[in-house]
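Remarks on the overall topology
Here is how the chains run, residue by residue.
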Amino acid sequence: MYITAYPQTVYDELVKALKGQSRVFDALLATYPEWAAFANAVQGDREAIFWLLRHRFNEMGVLANALADEPNAAEWLKVHDDPFLYQFFRAAKGEAEGMAFLEQTRYKTFVPLAKAVRQARKIRIKNETFWYRVF
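Here is a short report on the structure shown in this document.

1. Side note on the overall build of the chain
When its secondary structure is counted, the chain shows 9 helices and 0 strands. When the elements of the chain are put in sequence order from the N terminus, they spell out α-α-α-α-α-α-α-α-α. The long-range fraction of contacts in the chain, counting pairs at least 24 apart against all pairs at least 6 apart in sequence, stands at 45%. When the accessible area of the chain is evaluated, it comes to approximately 7,800 Å², of which 53% is carbon and sulfur surface. The chain carries 18 positive and 16 negative side-chain charges, and their two centres are separated by 6 Å.

Spelled out as structure tokens, the structure:
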């Protein structure tokens with residue numbers, strides 16, 4: 001199924017899963033494992049990206065790879081036929097133009113998801129940058 005063709009409840013559940021609700025994540029894993037993998041991927045799980053690509057969720061895999069700062073994946077999104085993928089990527093990275101695209105098109109229901117992905121990326125980047133812990 002194409003990334004924008006899922007029921008709205010899936011995107012709502014993904015937002016909750018990205019915010020740490022493990023029961024919602026478990027429900028996604030049982031019903032839409034591709035979205036559970038996407039949630040893990042944007043939080044830094046490289047294996048989840050490979051799982052998406054291996055199971056032919058190509059757009060999700062490339063999007064997750066781009067969100068993991070892979071420049072070739074971002075370039076692929078940019079030239080893809082559907083502008084949603086690149087604009088969602090831009091919105092999830094915090095770019096105003098990407099968010100404006102989502103808000104001004106039929107994709108406005110993806111705004112909360114883009115914000116949740118952005119927050120998850122911030123946490124991932126912080127954890128990767130500040131790798132030490134004080135106990």
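From this point, the discussion proceeds with the structure in view.
2. Considering the pattern of salt bridges
When their charged atoms lie close together, side chains carrying opposite charge are able to pair. Evaluation of the coordinates by the stated rule reveals 3 salt bridges. Among the charged side chains, a salt-bridge network with shared partners connects R90, E95 and E97.

3. Topic: the nonpolar core
The biggest cluster of nonpolar side chains holds 47 residues, and the ones touching the most others in it are L18, W35, F38, F88, L102, L113 and V117. Not counting residues up to four positions away in its chain, the partners in contact with L18 are A39, V42, Q43, L113, A116, V117 and A120.

4. Thoughts on the environment of A64
Relative to the elements of secondary structure, A64 occurs in helix α5 (residues 58–67). C-alpha of A64 to C-alpha of F38: the two residues are 26 residues apart in sequence and 6.5 Å apart in space. The residues contacting A64, other than those within four sequence positions of it, are F38, A41, I49 and L52.

5. What to know about the packing of aromatic side chains
Under the defined criterion, the tally for this structure stands at 14 aromatic pairs. Measuring from ring centre to ring centre gives 6.4 Å for Y6 and Y11, while their planes differ by 80°; the resulting arrangement is edge-to-face. Seen in terms of ring centroids, F88 and F110 are 6.5 Å apart; in terms of plane orientation they differ by 85°. Their pairing is edge-to-face. In this pair, F88 sits in helix α7 (residues 83–92) while F110 sits in the loop between α8 (96–104) and α9 (111–129), placing the two residues 22 residues apart along the sequence. A relative accessible area of 2% places F88 in the buried class. Following the ring pairs from residue to residue traces out a cluster consisting of Y6, Y11, Y32, W35, F38, F84, F88, F101, Y107 and F110.

Cut-offs and rules
- Residues numbered from 1 in each chain as written.
- Predicted model: local features only at pLDDT ≥ 70, side-chain atom pairs only at ≥ 80, totals over all residues.
- Heavy atoms only, no water.
- Helix = DSSP H or I, 4+ residues; strand = E, 2+ residues; numbered from the N terminus.
- Contact = heavy atoms within 4.5 Å.
- Areas by Shrake-Rupley, 256 points an atom, 1.4 Å probe, with all protein chains shown as cover.
- Lys, Arg positive; Asp, Glu negative; His and termini not counted.
- Charge placed at Lys NZ, Arg CZ, Asp CG, Glu CD.
- Salt bridge = Lys/Arg side-chain N within 4 Å of Asp/Glu carboxyl O.
- Core = buried A, V, L, I, M, F, W, Y, C linked by side-chain atoms within 4.5 Å.
- Buried < 20%, exposed > 50% of the residue type's maximum accessible area, 1.4 Å probe, protein only.
- Phe/Tyr/Trp six-rings, centres within 6.5 Å; stacked < 30°, edge-to-face > 60°.

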